[in-house]
Amino acid sequence: MQLEAAILEEDKQLYLPGDMISDQAGLMSGQNTYEENGRIYSSTIGTLNQTNQLVMINPIKHSYEPQIGEIIIGKVVLIKDKKWTVDIGSNSETTLHLNSTYIPEQRQKTEDDEMNMRLIFAEDDYICAEIHSINNDKSINLHTRSHKYGKLDNGKFQQVCHYLIVRQKKHFFKLENEVHVIFGHNGLLFLSNQDRTINQVDYEQNYTIQQRINIGKVSQALTFLNQHQVLISQGSIEKLVQLRDQKLSEQDCLAQLYEFLNKK
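This is a predicted model, so every value here is computed, not measured.

Calculation criteria
Residues numbered from 1 in each chain as written. Predicted model: local features only at pLDDT ≥ 70, side-chain atom pairs only at ≥ 80, totals over all residues. Heavy atoms only, no water. Helix = DSSP H or I, 4+ residues; strand = E, 2+ residues; numbered from the N terminus. Expected span 1.5 Å × (residues − 1). Buried < 20%, exposed > 50% of the residue type's maximum accessible area, 1.4 Å probe, protein only. Contact = heavy atoms within 4.5 Å. 1 Å grid on protein atoms, 1.4 Å probe; cavity = no way out; pocket = protein on both sides within 12 Å on 5 of 7 lines; lining within 4 Å. Points joined across faces, edges and corners; volume = space filled by probe spheres on them. Patch = residues over 30% accessible without salt bridge, like charges linked within 9 Å, V, L, I, M, F, W, Y side chains within 5 Å. Areas by Shrake-Rupley, 256 points an atom, 1.4 Å probe, with all protein chains shown as cover. Salt bridge = Lys/Arg side-chain N within 4 Å of Asp/Glu carboxyl O. Phe/Tyr/Trp six-rings, centres within 6.5 Å; stacked < 30°, edge-to-face > 60°. Nonpolar A, V, L, I, M, F, W, Y, C, P; charged D, E, K, R; others polar. Lys, Arg positive; Asp, Glu negative; His and termini not counted. Charge placed at Lys NZ, Arg CZ, Asp CG, Glu CD.

Draft legend 1. Geometry of helix α4 (residues 209–227). If you check α4, its first and last C-alpha atoms are 27 Å apart, about what 19 residues at 1.5 Å a residue would give, namely 27 Å. Burial in α4 covers these residues: Asn 214, Ile 215, Val 218, Ser 219, Ala 221, Leu 222, Phe 224 and Leu 225. Packing partners of the buried residues in α4 comprise β14 (156–159), β17 (188–192), α5 (234–245) and α6 (250–263). Looking one or two residues past α4, Gln 229 carries a phi angle of roughly 55°, positive in sign.

As structure tokens, this is what we get:
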């Protein structure tokens, strides 16, 4: 099928890994594609998306499948039996046990702690946690046994497609413009002026006007990356913020961004 026909079809063609997309000269290989001998191929299952000369594959969306050790950001939806049930965008039940939470004194949990669980995390609170274990029935156990985990507030949450989050050695970053970002593997990010890698940080500190502007720029960059299905990492965010500050067109931003990422 010709490239133009595939784009114009009401029901877009489904491409499998290794399927040839086009051998047309002048096209650029974008997200979820690769080039070989002058031809562009799909590297995942999805449908075709083209912006000018840039060819991409939009992956078939699916729910987040957690892996042990991954960092997530989720919403508390239920408190029962010494556990918080947390929505992390997965089909599997996800819980955080009282004994898996962080207490600065490093003491044993007591009945008073159980009675006051809502003082730790209440319904509708957003928390940062780590996937501790996965049971035989696929249910998920979290832990927050570190000062960098716990309740998140006084910042901005940003939802993106979870499969765009690049797996990195760390997921707590301070960007070039001083914005602190927590990358949740499940596609939820938290933008703030809080350095959660430092113990005893004041998470309620006020924002300066410049900090608010910078967070807005990062948020807009994340929306752009998600919309165009570009992998999301510290590098891609910082590069895109720089390009957008230059007032480049959307097409020029994409072209220069992919050129930057392909060199890494």
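Draft legend 2. Focus on the layout of surface pockets. Approximately 170 Å³ is the volume found for the second largest pocket. As for the second largest pocket, its lining consists of 14 residues, and the residues nearest its centre are Gln 31, Leu 231, Tyr 258, Leu 261 and Asn 262. In terms of residue count, the dominant contributor to the lining of the second largest pocket is α6 (three residues).

Draft legend 3. Region of the structure containing a nonpolar patch on the surface. A surface patch of nonpolar side chains, amounting to about 340 Å² of accessible area, comprises Leu 14, Leu 16, Ile 45 and Ile 60. Its location among the elements puts Ile 60 in the loop between β7 (54–59) and β8 (71–80). Among the residues examined, Ile 60 registers a relative accessible area of 43% and is labelled partly exposed.

Draft legend 4. Expanded view of the packing of aromatic side chains. Summed over all chains, the structure comprises six aromatic pairs. Connected via pairs of aromatic rings, a cluster forms that spans Tyr 126, Phe 157 and Phe 190.

Draft legend 5. Local environment of empty space enclosed by the protein. Counted under the stated rule, the structure contains one cavity of 30 Å³ or more. When its volume is computed, the largest cavity comes out at roughly 40 Å³. Of the residues forming the lining of the largest cavity, the biggest block, three residues, is contributed by α4. Of the residues assigned to the lining of the largest cavity, the class counts are three nonpolar, five polar and one charged.

Draft legend 6. Looking closely at a negative patch on the surface. Among the surface-exposed residues, Asp 81, Glu 111, Asp 112 and Glu 114 lie close enough to one another that they form a single negatively charged patch. Looking at where Asp 112 falls in the secondary structure, it is placed in helix α2 (residues 111–115).

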